[in-house]
Amino acid sequence: RATRATRARGAEHALDALYLGGRAERDARELVLRIGESEVRLETGKIGLQANGAVFASEGETVLYTTACASRECTGDGSFVPLTVNYAERFSAAGRTSGGYKKRDGGLRENETLKARLVDRPIRPMMYKGWGYETQVLQWLMSFDAERSTDALAITAASAALAVSDIPLKKPVVGVRVGLMPGSDEPVVNPTSEQMKQSRLDLVLAGTDEAVLMIEGFCDFLTTDEMLRAIEKGQEAVAKACKEIDAWAATVAPQKMMQKLIVQPEGVDEAVAALVEDELKQAIVVPIKQERGAMIGAARERAVEALQDEFQASAVINACGKIESRALRDVIRTKGRRQDGRTTSMIRPIACEAGILPRTHGSSLFTRGETQAIGVATLGGSQDAQRQDDVEAGEDKRFMLHYFFPPSSVGETGRTGGASRREIGHGNLAERALMPILPSEEDFPFVCKLESTITESNGSSSMATVCAGTLALLDAGVPIKRKVAGIAMGLILGSEAAGGGDELEPIVLTDILGSEDALGDMDFKVAGDKDGITAFQMDIKVEGITIDVMKTALEEAQKGLVHILGEMEKCDPAPAGATSKYAPRIASIAVPEKYFGKVIGKGGETIRSIMEKTGAENIDVNKEKEMVFVTGGADADLDAAIRMIEGMIVEPEVGKIYRGCVVKKVVEFGCFVEYLPGLEGLVHISELDVSRVPNVSDVTSEGAVMDVKIIAVDNRGKTSLSRKEVLLEENPELAAAGSMSDDSANERNGGGGGRGGGGRGGRGGRAGPKRDSGGPKRDSGGF
């Protein structure tokens, strides 16, 4: 009967020949790439078939699931690619759950935003102009082996998902990480996490089979040549992998939707040029940003209104943008001057002030032309460090930089509140640029938070943040290793100038304006000093940037950094160079692990007691470093707190005198004295004074203070103390006085050599019971 029922159920769900729905069994198409030190495996056709493109990308046991989807309705006008990239990490990928209150993954964390930006930046220039369909790239980290970080893999996976889809993409893009080991000149492509801990360079590079599109890196004052060698090595690996992905995608991808690209209507460029070209050319060279913006806006409005019956407003504005770009390039190439009258290598005027905010720990104001930043440094204890809650489980952050870009900085209105992607990205770049100059925790145990508020912006506010941050750190008294500055470089390619061609030399621009960033071909941010580089970030909007052009840009950037650092030396008022009276103070002491329990106390009661007695704000027991850090304000007695902790970890030393010890308890046979915090010993009644003591209460009482010497520590750790030994050591004459006093006492009690020596009470020769000179034996309490 059971067999018949099973067959019946199987027959009920058996598919007949008319079923035309989706198949459960799929044929996966796979590509294996050897990229530097790692092997990357791409798979499509098995998972996520309803997306335009879906890829499972794996590197070792790390797996990223990536999809690419385009909306069915055209929402854009073709002037801007409506691309969104979202990257998410699942804690389950590493076999963990979130350490926060919310256990459901999905809340956006800063490290996820940073990786999404890394993916977006090289992918965006490879999307066709004229693509107006909302496009979304979604990525989930499904498995993580911690062998390598996932940012380079995420770039490759996103590009592969677009490559196997029907969404138009010019070329595949591949991402790699490049490191440089100490003592080696040979860069390593896709090193392991363990290798990266020792690396002098952390470079993420993305590009196509022909050119670099994006680089972002942080290093410990690398030279230009070392950087360029790393970029060349990374690009070699990228080019090879891109060709393989391109060939693979050609066999699995459907036909691209090229017919859906928006094309400018015929005649719009000519009509707009006839109407406002001269006006736009004049406006583009107006030196003041607000005036220039007003003139360009007026010209655009006039063109839109005049041509509203013939063309859509978006087409007219796009045509105006082309004229503005050509005009900017032409004036630079033909006249050697820029919008604000500078030459290509000139830096805008700079002014610096420190200590502008009286109650902060350190502050600065840095102004470069029409870009301005207020820097504020705040010092704190270990309790102020930022905990890292991500799958890579990094150490707590002791240095943080928060970048704020309010809409008022560009004379606009807009949203405020939580940090935008741009604010997170710019803050991270400036933070990493400053990290190499910070002192070690041993030299400066403070946690430091920097805030940069952009009050004006017309180009490279993130690099202004580096300059303002350096000055604010100095004003807060942070002993930085050296000063660094930041600068942004731009590029004008010859092929884009009116009447020009590929034979024209590219022009590198120093300290670019916002419009030169928007209308130019490159934004290359560099931080460091005359001897080396600490951070760099390059976004390229077109293919064709060669290593020689990058070298020229880096060399010009370092010249600019030298000039900016010279201007920062003129800061007036100068940074205080000392810790503010409003800043906390930190004291530390080395504590072996075996004493942690004693220092902490039951439920933390010892720490709380020390804090209450000394006014300390926090006591942190660092088990890894075997250190205890005490943090407090100006009123806290940190020295007393350290002495209390020191007392807990000092081993009792026989023969050592301890001063000012408190009597904790009085008993018949002596008293118990706390000679070190938390450590007590017995002063036997016979050790209280040089002469005989009939009653303990004759000499001391609970709460009294005395100096004692350790005379013995038994094998059970019990300590015997002596007040008498201290008195005799400091006053030797008391030994004779004490002896005479004892003799007098014996004579009063019968003479003849002490009590019991010549008969009780001196009454005859019959000896009484034999007794000690110190009286009858008493229970010593085990001491």
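Our subject in this report is the structure included herewith. (Residues numbered from 1 in each chain as written. Predicted model: local features only at pLDDT ≥ 70, side-chain atom pairs only at ≥ 80, totals over all residues. Heavy atoms only, no water.)

Some points on the nonpolar core
Grouped together as the largest cluster of nonpolar side chains are 137 residues, with contacts concentrated most on L42 and F524. The greatest single-element share of this core, amounting to 11 residues, is contributed by helix α5 (residues 224–252). Those residues in contact with F524, other than ones at most four positions away along the chain, are I215, I487, A488, M489, F536, Q537, M538, M550, A553 and L554. Counting 27 residues, the second-largest nonpolar core is a separate cluster that includes V276, I284, F311 and L519. (Core = buried A, V, L, I, M, F, W, Y, C linked by side-chain atoms within 4.5 Å. Buried < 20%, exposed > 50% of the residue type's maximum accessible area, 1.4 Å probe, protein only. Helix = DSSP H or I, 4+ residues; strand = E, 2+ residues; numbered from the N terminus. Contact = heavy atoms within 4.5 Å.)

With respect to the packing of helix α7 (residues 289–306) against helix α8 (residues 313–335)
Running from N to C, α7 and α8 cross one another at 135 degrees; their axes reach a closest spacing of 9 Å. Considering the angle they form, α7 stands oblique to α8. When you trace α7 past α8, the crossing you get is right-handed. In this structure, α7 contributes I296, R300, A303 and V304 to the contact, and α8 contributes A313, V316, I317, C320, G321 and E324. Class assignment for the residues of the contact of α7 with α8 results in 7 nonpolar, 1 polar and 2 charged. (Axes fitted to C-alpha atoms, helices over the stretch in contact; angles between N-to-C directions. Parallel < 35°, antiparallel > 145°, perpendicular 65-115°, else oblique. Left-handed = near helix turned anticlockwise from the far one by under 90°. Nonpolar A, V, L, I, M, F, W, Y, C, P; charged D, E, K, R; others polar.)

As for the state of the cysteines
Tallied over the full model, the rule gives 0 disulfides. C448 forms no disulfide, and the closest cysteine sulfur to it belongs to C467, at a distance of 17 Å. In this structure C467 is a free cysteine whose sulfur lies 7.4 Å from that of C352, the closest cysteine sulfur available. Overall, C467 belongs to the buried group, its relative accessible area being 0%. (Disulfide = S-S within 2.5 Å.)

Observations regarding the sheet that holds strand β9 (residues 201–207)
The sheet built from 8 strands is open, its strands ordered β8-β7-β9-β10-β19-β18-β16-β17 with antiparallel pairing. A single partner strand is all that each edge strand has here, and the edge strands are β8 (188–189) and β17 (507–510). Taken together, the 4 bridges between strand β16 (residues 485–492) and β17 define a ladder with antiparallel strand orientation. Residue pairing in the sheet places M489 in a bridge with T510 of β17. (Pairing = 2+ DSSP bridges.)

Considerations on the sheet that holds strand β21 (residues 618–622)
Here we have 3 strands laid out as an open sheet, ordered β20-β22-β21, and antiparallel in their pairing. Every interior strand has two partners, whereas the edge strands, β20 (585–590) and β21, have only one. Neighbour-to-neighbour, the strand axes of this sheet turn through a mean angle of 15 degrees, independent of strand direction. In terms of strand pairing, β20 meets strand β22 (residues 627–632) through 6 bridges, oriented antiparallel. Within β22, the position partnered with A590 by the bridge is M627. Seen against the sheet, helix α15 (residues 638–649) touches β20 and β22 and runs at an angle of roughly 15 degrees to β20.

All quantities given are derived from atomic positions and should not be read as evidence of function.
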